[in-house]
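Topology and contacts: notes
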Amino acid sequence: MSKIDVPVLIVGGGPVGLLGAQLLGRRNIPVILAEKHEARLDAPKAHALNPRSLEICNAAGLPMDRIHAVATPTEEGGFVRMVTSLSAPEIGSLPYERQDEAVREVTPWPLINIAQPDFEAVVEDAVAMLPSVEIRRGLEWLRCDQLTDAVISTLLDRATGKEIKLRSRYVIAADGAGSVVRDRVGIQMDGPADLQHNMMIHFEADLSGIVADKPGILYFLFGPGPGGVLIAYDIRRTWVLMHSYQPASTSPDSFTDEVCRKLVTEAVGAEVPDLKILGTRSWSMSAQVAKRYRTGNVFLAGDAGHRFPPTGGLGLNTGIGDIDNLAWKIAAVEQGWAAPAILESYERERRPIAQTNMSQSLANAMRIGVLFEALGYGPGQTVDAEIFATRLADPVARAKIDNAVAYQKDHFDSLRLQLGYAYGDALKSDAALPISSFTPKAVIGARLPHVELDDKSSTLDLVHPEGFTLIAGPAHEAWRDLAGRMNAPLTLVAEGRDFNAEGGWAVRMGLEADGALLVRPDGHILHASKNAAPHTISEAIGSFVKRDQFVAVEGAA
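All of these numbers come straight from a predicted model, not from anything done at the bench. For every chain, the first residue of the written sequence is number 1, and numbering continues from 1 onward in sequence order. The model is predicted, so local features are restricted to residues of pLDDT at least 70 and side-chain atom pairs to those at 80 or more, both for listing and for counting; the totals for chains, interfaces and linings are taken over all residues. Side-chain metrics rest on all non-hydrogen atoms present in the structure, leaving aside hydrogens and water.

Let us look at the packing of helix α8 (residues 345-375) against helix α10 (residues 395-406). Axes here mean lines fitted to C-alpha atoms, for a helix over just the part in contact, with angles spanning 0 to 180 degrees between N-to-C directions. Under the scheme used here, helices are H or I runs from DSSP no shorter than 4 residues and strands are E runs no shorter than 2 residues, and both carry numbers assigned from the N terminus. Between α8 and α10, the shortest axis-to-axis distance is 9 Å and the interhelical angle comes to 170 degrees. Looking at the two axes, α8 sits roughly antiparallel to α10. Taken together, the residues of α10 that come into contact with α8 (itself represented by V370, L371, A374 and L375) are K400, I401, A404 and V405. Following the grouping adopted for this structure description, the nonpolar residues are Ala, Val, Leu, Ile, Met, Phe, Trp, Tyr, Cys and Pro, the charged ones are Asp, Glu, Lys and Arg, and the polar ones are all others, Gly among them. Of the residues in the contact of α8 with α10, the class split is seven nonpolar, no polar and one charged. Oblique is the label for every angle not falling under 35 degrees (roughly parallel), over 145 degrees (roughly antiparallel), or within 65 to 115 degrees (roughly perpendicular). Residue contacts follow a heavy-atom distance rule, with two residues in contact if any of their heavy atoms lie within 4.5 Å.

Here is the structure:
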């Protein structure tokens, strides 16, 4: 057996695993990423990257211009439409999230739609440039033994059939919803596993002529047709039909090329001469969160730790938040300025976020039932075409249908969940607000509010990824010597000296001129000081983990 020793082993080469390699590699932490598949899977999978995920990508040094170049154009992905078929008049429509210029008041990066393989390609190319990261394809994780200070993983080289022993201080399980790592280390999931069974039909077709006057990213299919959802990753080429089925009566193997062509043609409502069925995959809709995010030095991230209904697009984005949270903490321990106890905060901070997002995803799925009720039938039931058309034409029924369409708003506008989550209880009262309602707040645990600076950059760009950032108001003299007394890395960024913002940054944050915000490497606020009080920084950092387990501040009061 070959033997390898590395600080971090990431299992899984999907978007969360790759981003983890990027975040750690940029901090010069050696990483091996093991992916069992030799090549990237072609199925488009997830399609939405929300503002917070894009902010994280930008902070990670990914090429944002390239990400946007392969994304769905905003004018083609800005709506969700309810239809009987792609060719028929729509039943109703809603905007798909906030993709307009107005949202730039709270984020520099509005939501985009991008096929998961295209996003993965961008991240993998960036990771390939990092000398501290090695991507090993065809390497399948089998099992591990945990020691006091290390994890010994056994992996299979699928090309040679030989087993490899790999010693690492940490294992990050980013191997997806069916995580082998999670199951082998004995972490169980909370929640229902099989809410609905679906067949993903991936096909290629140019449907731009059919959707020319009604572009959208999602087309929910109702009425006498096949039902399901059409996802338009690229209206000229890449589509997916999500079609529900019952495994008790229908085998996944029965979805032959001929059957899939028939379903797609019915969903489109017209013949598709250039139709190519590229593949199928069955999957089950779940609503689960892992009971634990860690056992020993094995950590779960992304779908390995939570499996959501796709309604709301929160799964991948929650995973990106996971790995952003975990990566800087592992780096801090490896670089010697934080004690291992800091890693205990990962589950404490991220698991509640997953529970909230899972509950919202499930609620979104249930909302669709209201529209079915207004249309006069239920999910999985057949409906007569004439009866269905009559109901759509009836003014009384039509009013109920329109209200039911409008009721889906929370499904497609969750800005507060995307940008307004916090670690701790500081924003707990906001949970009573609509999830579309988001007001940035400079409070402990929240993400640093975006403010456009005079040079057109964002306050988010001020955050230093290698340590803490102290962003101070214009009267910053009391803070200037603090960094020199810190053993943990601290960068002072001062208004008036390093940046300026219209209306005054400190004023807009509710601080006095000598106030400051202490920001973590992941952009979340660790401490807010309304006025000059340098000694509170020591207390804030010391309280993040137990004071006697954290690098102390020399000379602090």
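And the narrative resumes.
What follows deals with the sheet that holds strand β20 (residues 306-307). Ordered by their spatial adjacency, three strands build an open sheet running β11-β17-β20, and the pairing between neighbours is antiparallel. Edge strands, defined here as strands with exactly one partner in the open sheet, are β11 (189-190) and β20. Only strands joined by at least two bridges in the DSSP assignment are considered to pair. Inspection of the sheet shows β11 paired to strand β17 (residues 288-290) by two bridges, in the antiparallel sense. Following the sheet pairing, M189 is matched in β17 by A290. Running at roughly 170 degrees to β17, α8 makes contact with β11, β17 and β20 of the sheet.

Among the seven residues of strand β15 (residues 238-244), six are classified as buried, and the element is accordingly described as predominantly covered. As judged from the seven bridges shared by strand β12 (residues 196-204) and β15, these two strands associate in the antiparallel manner. Directly across from M200, in β15, lies its bridge partner M242. Judged from the five bridges that link them, strand β14 (residues 228-234) and β15 form a sheet pairing that is antiparallel. Within β15, the position partnered with L230 by the bridge is L241. Two successive antiparallel strands, β14 and β15, enclose a turn made up of three residues. Relative accessible area decides the class of each residue, using a 1.4 Å probe on protein chains only: under 20% of the type maximum gives buried, over 50% gives exposed, and in between gives partly exposed.

So, about unusual backbone geometry. Even without glycine at this site, K45 takes up a positive phi of about 55 degrees. Note on placement: K45 falls in the loop between β2 (31-35) and β3 (48-49). By relative accessible area, which is 32% here, K45 ends up partly exposed.

Another point: α10. Multiplying 1.5 Å by the helix residue count minus one yields the expected span of that helix. Taking 1.5 Å per residue as the helical rise, α10 with its twelve residues ought to reach 16 Å, and the 16 Å between its terminal C-alpha atoms agrees with that figure. When we look at burial in α10, the residues that qualify are A397, I401, A404 and V405. Buried residues along α10 cover an arc of 100 degrees about the axis, so they all sit on one side. With respect to the buried face of α10, the exposed residues turned more than 90 degrees away are P395, V396 and N403. Check the buried side of α10 and you find it contacts β5 (90-95), α8 and α9 (385-393). The arc in question is formed by the directions pointing from the helix axis toward the C-beta atoms.

Let's shift gears to the packing of aromatic side chains. Two rings from Phe, Tyr or Trp (for Trp, the six-membered ring) form a pair when their centres are within 6.5 Å of each other. A pair whose planes differ by under 30 degrees is stacked, one over 60 is edge-to-face, and the rest are tilted. Under the definition given, this model contains 15 aromatic pairs. Judged by centre distance (5.2 Å) and plane angle (85 degrees), the rings of F372 and Y377 are edge-to-face. For the pair formed by F372 and Y377, the shared burial category is buried. Directly above the ring of Y407 sits R367, whose terminal nitrogen or CZ lies 4.2 Å from the centroid. Geometrically, a charge over a ring is one whose NZ (Lys) or CZ (Arg) sits within 6 Å of the ring centre while staying within 35 degrees of the ring normal.

The subject of this paragraph is empty space enclosed by the protein. Think of a 1 Å grid over the protein atoms and nothing else: a 1.4 Å probe that fits but is trapped marks a cavity, an open set flanked by protein within 12 Å on at least five of seven lines marks a pocket, and residues with an atom within 4 Å of a point count as lining. Grid points are joined across faces, edges and corners, and a volume is the space filled by probe spheres set on the points. Within this structure, the stated rule accounts for three cavities of 30 Å³ or more. Approximately 100 Å³ is the volume found for the largest cavity. If you trace the largest cavity, you find 15 residues lining it, with N50, N317, T318, Q418 and Y421 closest to the centre. Only α2 (51-59), α7 (315-334), α8 and α11 (415-419) provide two or more residues apiece to the lining of the largest cavity. Across the lining of the largest cavity, the residue classes break down as six nonpolar, seven polar and two charged.

A volume near 720 Å³ is recorded for the second largest pocket. Taken together, the elements giving at least two residues each to the lining of the second largest pocket come down to α8, α11, β24 (525-529) and α13 (535-544). Of all the elements, α8 adds the most residues to the lining of the second largest pocket, at eight residues. Among the residues forming the lining of the second largest pocket, the class breakdown is 16 nonpolar, eight polar and eight charged.

The residue W479 is located in the loop between β21 (468-472) and β22 (490-494) in this model. For the pair W479 and V493, spaced 14 residues apart in sequence, the C-alpha separation works out to 9.9 Å. Not counting the four nearest positions on each side in its chain, W479 is found in contact with L470, A472, L492, D514, G515, A516, S529, N531, A532, A533, P534 and I537.

The values are spatial; any link to function lies outside them.
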